[in-house]
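Structural features, examined
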Amino acid sequence: MRLFFILSIFGYYTAMFGQTYTYSLDKDSNTSASALEKVSTGNEPEEDVYFNAYLLPIERADELQKALDTYGSVRLERGKYTGDPIVLKTGQKLIGHPAITIVDVPITIKAGSSKIRLQNINPKTLKFESGAPIKHNIFKTIQYTDIYCKNCSLQGNSFVNMEKCVVRFDCSQSGYFRNNKFIKLWTHTKSPQTVMKGNTTTPSYGNVILWRNYLMPIGDATEFDQIESLTIVGIDAESWNFKNQGDKPLLYMRDIGNLKIGSFSGLNHGKNPTPSFDIEAENMLIMGKNIYSRSQNDIVRSGTNFIMFSGQFEEYSYLKDPAYLNLKAYFKNKDVYVNDSKVTSKISTTYADKVEQMLTKKDVKTWERPYFHAPPNPVGAERMASRSGKKDRSDEIQAMINRDGIAELKEGIYYIAKSLIIKNGQGIVGKGSGKTAIVGITDDFSLIRSGDDVSRENKTNVHYYLAHMTLQGGLKGFLVSPKGKENNRLQMSSCVFKHLNFRNQKFGLHFDQFYGVDNNFFDNVNFIDCEAGIMQTPDPTFDVHSGETTTMMYLDKNVFYKNQIIRCKTGFSLLSRRPNQLNAWIECNFDGNGISVDMEKPINPIFANCNFKNSKGEYVIGREKAASFYNCDFTNNDVRSIFRLQKAYIEGSRCYGTNRLFSKWSSDALILNTMVQGSLGSMKNGLFVNNNFTRFPDFNYLMVEVKDTKRAVLIDRASSAKPQFLVWQN
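My aim in this report is to walk through the structure given alongside it, one point at a time. No experiment lies behind these values; they were computed from the predicted model shown. (Residues numbered from 1 in each chain as written. Predicted model: local features only at pLDDT ≥ 70, side-chain atom pairs only at ≥ 80, totals over all residues. Heavy atoms only, no water.)

Quick look at the overall build of the protein
Operational definition: The numbering of helices and of strands both runs from the N terminus, where a helix is a DSSP run of H or I of at least 4 residues and a strand a run of E of at least 2. Note on classification: 1.4 Å probe, protein chains only; a residue is buried when its accessible area is under 20% of the maximum for its type, exposed when over 50%, partly exposed between these limits. Computed with the Shrake-Rupley method and a 1.4 Å probe, the accessible areas treat only the protein chains shown as cover for residues.
Counting secondary structure elements, the protein contains 5 helices and 66 strands. Considering only C-alpha atoms, the protein reaches an extent of 80 × 55 × 50 Å along its principal axes. Here the protein holds 730 residues, and 63% of them are scored as buried. Counting every atom, the protein has about 24900 Å² of accessible surface; 46% of that belongs to carbon and sulfur.

Re the environment of Y656
Rule in force here: For this analysis, residues touch if any pair of their heavy atoms sits within 4.5 Å.
By secondary structure assignment, the location of Y656 is in the loop between β59 (654–655) and β60 (660–672). Separated by 23 residues in the primary sequence, Y656 and D633 place their C-alpha atoms 7.7 Å from one another. With near-sequence residues (within four places) excluded, Y656 lies in contact with D633, F634, T635, M675 and Q677.

Some details on the pairing of strand β31 (residues 412–416)
What counts here: Two strands make a pair as long as DSSP finds a minimum of two bridges between them.
For β31, the buried fraction is high: 5 of the 5 residues fall into the buried class. Here β31 shows no split at all, with G412, Y414 and I416 on one side and I413 and Y415 on the other all buried. Where β31 lies against strand β34 (residues 436–440), 5 bridges are found, and the strand directions are parallel. From the neighbouring strand, I413 faces β34, where its bridge partner is A437.

Observations concerning the sheet that holds strand β16 (residues 176–178)
Spatially, β10-β13-β16 is the arrangement adopted by the 3 strands of the open sheet, whose pairing is parallel. Lying at the two open borders of the sheet, with one neighbouring strand each, are β10 (134–135) and β16. As judged from the 2 bridges shared by β10 and strand β13 (residues 153–155), these two strands associate in the parallel manner. Opposite I134, over in β13, you have L154 as the bridge partner.

Describing unusual backbone geometry
Between S191 and P192 the backbone carries a cis peptide bond, its omega angle lying at -10 degrees. With respect to the helices and strands, P192 occurs in the loop between β17 (181–188) and β18 (194–197).

Looking at the packing of aromatic side chains
The geometry of two aromatic rings is summed up by the distance between their centres and the angle between their planes. To keep it simple, the criterion reads: Pairing of aromatic rings covers Phe, Tyr and the six-membered ring of Trp, with a centre-to-centre limit of 6.5 Å; geometry is then stacked below 30 degrees between planes, edge-to-face above 60, and tilted otherwise.
Applying the stated criterion to the full structure yields 41 aromatic pairs. Between the aromatic rings of F634 and F643, the centroid separation amounts to 5.5 Å while the plane-to-plane angle is 80 degrees, which identifies the pairing as edge-to-face. The exposure classification of F634 matches that of F643, with both residues buried. A ring pair is formed by F643 and F662, whose centres lie 5.5 Å apart and whose planes are at 40 degrees; its orientation type is tilted. Pair noted here: F643 is in strand β57 (residues 641–644) and F662 is in strand β60, with a separation of 19 residues, a long-range link. Here the two residues F643 and F662 agree in accessibility, since each one is buried.

So, the pairing of strand β55 (residues 626–630)
Regular strands show a simple pattern: their side chains alternate between the two faces of the sheet. Judged by how many residues are buried, β55 sits mostly within the fold: 4 of 5 residues are covered. Judged from the 3 bridges that link them, strand β52 (residues 606–608) and β55 form a sheet pairing that is parallel. Among the inter-strand pairings, F607 is bridged to a residue of β55, identified as F629. Where β55 lies against strand β58 (residues 647–651), 5 bridges are found, and the strand directions are parallel. In the sheet register, S628 faces β58, and the bridge partner there is Y649.

Here's the deal with the state of the cysteines
Selection criterion: In this description, a disulfide is simply a cysteine sulfur pair whose atoms lie within 2.5 Å.
Applying the stated criterion to the full structure yields 1 disulfide. Note on cysteine connectivity: C149 is disulfide-linked to C152, with sulfurs 1.9 Å apart. Between C149 and C152, the S-S torsion sits near -110 degrees, and that sign places the bridge as left-handed. In this structure C149 comes out as buried when scored by relative accessible area, which is 1%. C149 provides the cysteine sulfur closest to C171, a residue in no disulfide bond, and the two sulfurs are 3.7 Å apart. C530 takes part in no disulfide bond, and the closest cysteine sulfur to it belongs to C568, at a distance of 4.7 Å.

Remarks on the side chain of Q472
Among the structural elements, Q472 can be located in strand β37 (residues 464–472). Classification of Q472 by relative accessible area gives buried; the value is 2%.

Things to note about the pattern of salt bridges
Here the idea is simple: oppositely charged side chains can pair when their charged atoms come close. For clarity, the cut-off: Salt bridge, as used here, is a side-chain nitrogen of Lys or Arg placed within 4 Å of a carboxyl oxygen of Asp or Glu.
Taken as a whole, this structure holds 46 salt bridges when the rule is applied. Taking the shortest distance from any N to any O, the salt bridge between D278 and R254 comes out at 3.2 Å. You can see D278 sitting in strand β22 (residues 277–292) and its partner R254 sitting in strand β21 (residues 251–267), a full 24 residues away along the chain. Accessibility expressed as a relative area gives 4% for D278, which makes it buried. By relative accessible area, R254 is classed as buried at 17%.

A word on helix α5 (residues 394–404)
Listing the buried residues of α5 in full gives S394, E396, I397, Q398, M400 and I401. Here the buried face of α5 lies against β30 (406–408), β31, β32 (420–422) and β33 (426–429). Downstream of α5 by a residue or two, G405 has a phi angle that is positive, lying close to 85 degrees.

Some words on helix α3 (residues 349–359)
Note the threshold: What the arc measures is the spread of directions leading from the helix axis to the C-beta atoms.
When we look at burial in α3, the residues that qualify are Y351, A352, K354, V355, M358 and L359. All buried residues of α3 lie within an arc of 160 degrees about the axis, which places them on one face of the element.

Concerning the side chain of T304
Note the threshold: Pairing of N or O atoms within 3.5 Å defines a polar contact, subject to two protein rules: one partner must be a possible hydrogen donor and the other a possible acceptor, and residues neighboring in sequence count only if both atoms are side-chain atoms.
Tracing the sequence through the fold places T304 in the loop between β23 (298–300) and β24 (305–311). Judged by relative accessible area, which is 0%, T304 ranks as buried. Looking at T304, its side chain comes within polar contact range of the main-chain oxygen of R301, at 3.0 Å. When near neighbours in sequence (up to four residues on either side) are disregarded, T304 contacts I279, E280, A281, E282, M284, Y318, Y324 and L325.

Side note on the environment of P85
The topology assignment puts P85 in the loop between β5 (80–81) and β6 (86–88). Between the alpha carbons of P85 and D62 there is a distance of 9.7 Å; along the sequence they are 23 residues apart.

Brief notes about the environment of G206
The topology assignment puts G206 in the loop between β18 and β19 (207–215). Separated by 519 residues in sequence, G206 and F725 place their C-alpha atoms 9.9 Å apart. When near neighbours in sequence (up to four residues on either side) are disregarded, G206 contacts N179, N180, S229, V727, W728 and Q729.

Structure below.
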């Protein structure tokens, strides 16, 4: 979407209900399976869940419920399934094709169910039944649907990559939603886009929304009411109330208990702007408000204890009341204020009590650290050394692409000597990242290239599908550099990059001087032994002050989820000229790289629950500007500094080793609930809240201000660092 901005597992069966069918996913291709080199490596566990599920062909869509009840785990072909409404119960799994399967019937999650997996599905609706608690289920890559909960009970569920979905949870009479995890949730044009209502009898709490895109709601965007605790990390909002069908601010919240918002950005460039928020809460913390509503002041309602850590643009209206806290730090300047009075000495006991109560919750449990399996390596060094002279299968694969749109490859190794060409709506899907590999016979060409031509018209919603395979050797894994890009726009959106390994390449993914890559989900995509995992190449002549061009090459609102970047010179080279906005790395593993993420002109990049270890470059992340880090680990990095950033927001993280935090820039930082074993480096100004510094115990207080490198203790109570954002509530 154009951005305007200022400045379980079951075996495979070939028969069902006594009948035999040929299924398109498993049908013989033009390639002789016997001629392929076989591999003995396994797939990722999530891939096994998919490929071991019972395959129900599309012509038998009316038997879907029976298949689920018989086999428990069912996978679907590409296309549209119709029939009767579906009810999913405990342990059942329904998984669509990587290109997303339309299930044109309502899907209901049975009350009391657990361990359900619903994935790669575009259902008519998704409804949670009221009654016994629905717990510990996974809903992943769900598209274009309304998600309903009316007086249901949801606990400990994961919602990952909800694309163009609306969330309507109304537990105002009964039921609850507790400790659910929402990762990458975005909605386009609909209004409202999020409704979450609880009640006081069975309170809702502990829910975390990690990366939320409110995109052009035609009226009001949100309504939150009667929730005991809520955390939202990573908001981007564009043009809310776009058609003037509402009158509320972007975030409209009433009767909230404990609220935390981190990394809050966006711009209302529409004609009917409203404020960014109107919130009534018991305790409210915002860290990093960089959203421009072009409207009136934001609103903090009476009776709210409020802490604002860093921000800009509109002020907020707040009824001054000495009984409540209004702490404003680094908002438009580098000063700290309590109830409009500039802090020049220790904060009073009354207000210090409130700060401690808000920022050091004891009844929380930190999110578990992600576990990473070693990426499958089906080719290996011996085959790579002997690939010269292998049979070239590029024509066979290209014929499948041309015939089917998406080539379905079998298990085995496909050697190719020239680029495979895919266009909008096309792609390649293998039998797993450990079972199917495409290998370049030489290293002087891109294994896959985009073939779209924008010489005569824009293509602003281009989808490519690459999944379940290893791409090894060649110069680049996938090159996107469309013909005619100097004339019109090509924009990649809602592409499928899933369970891919890019190995031994100059660039795994290369986005070369076209318009943009916007709102994509990179799911379990790994880059191993590449010069750069992802390379962004903008037009070097682009000037942001002169307006957009077709070759400016931006990356916005992309989420990299459970990616592994291993032994790359640069993991992500994102040296943009038009700023990239709200890209996020969530539960990613960076191991043995030079620079993990190299960024120029980023706006609100977020790193959450990631590992960075064994780095050997000048710095781990940065180059300039700002970034946010939540619950990240930095371990055994042999670098000059961890960050080369002008500003950083760091919460609930652990920085092991003697590395400096910052270098080059006279950096500003807000550091909360974090353990640091090294030094500050070039940090000059900032605020420390409840951290543990191994080498500098003078910083180990509840709140310490640093101004021009001089330390001032604002709250002299001993600190005890514990994450407070990515947590469950006990």
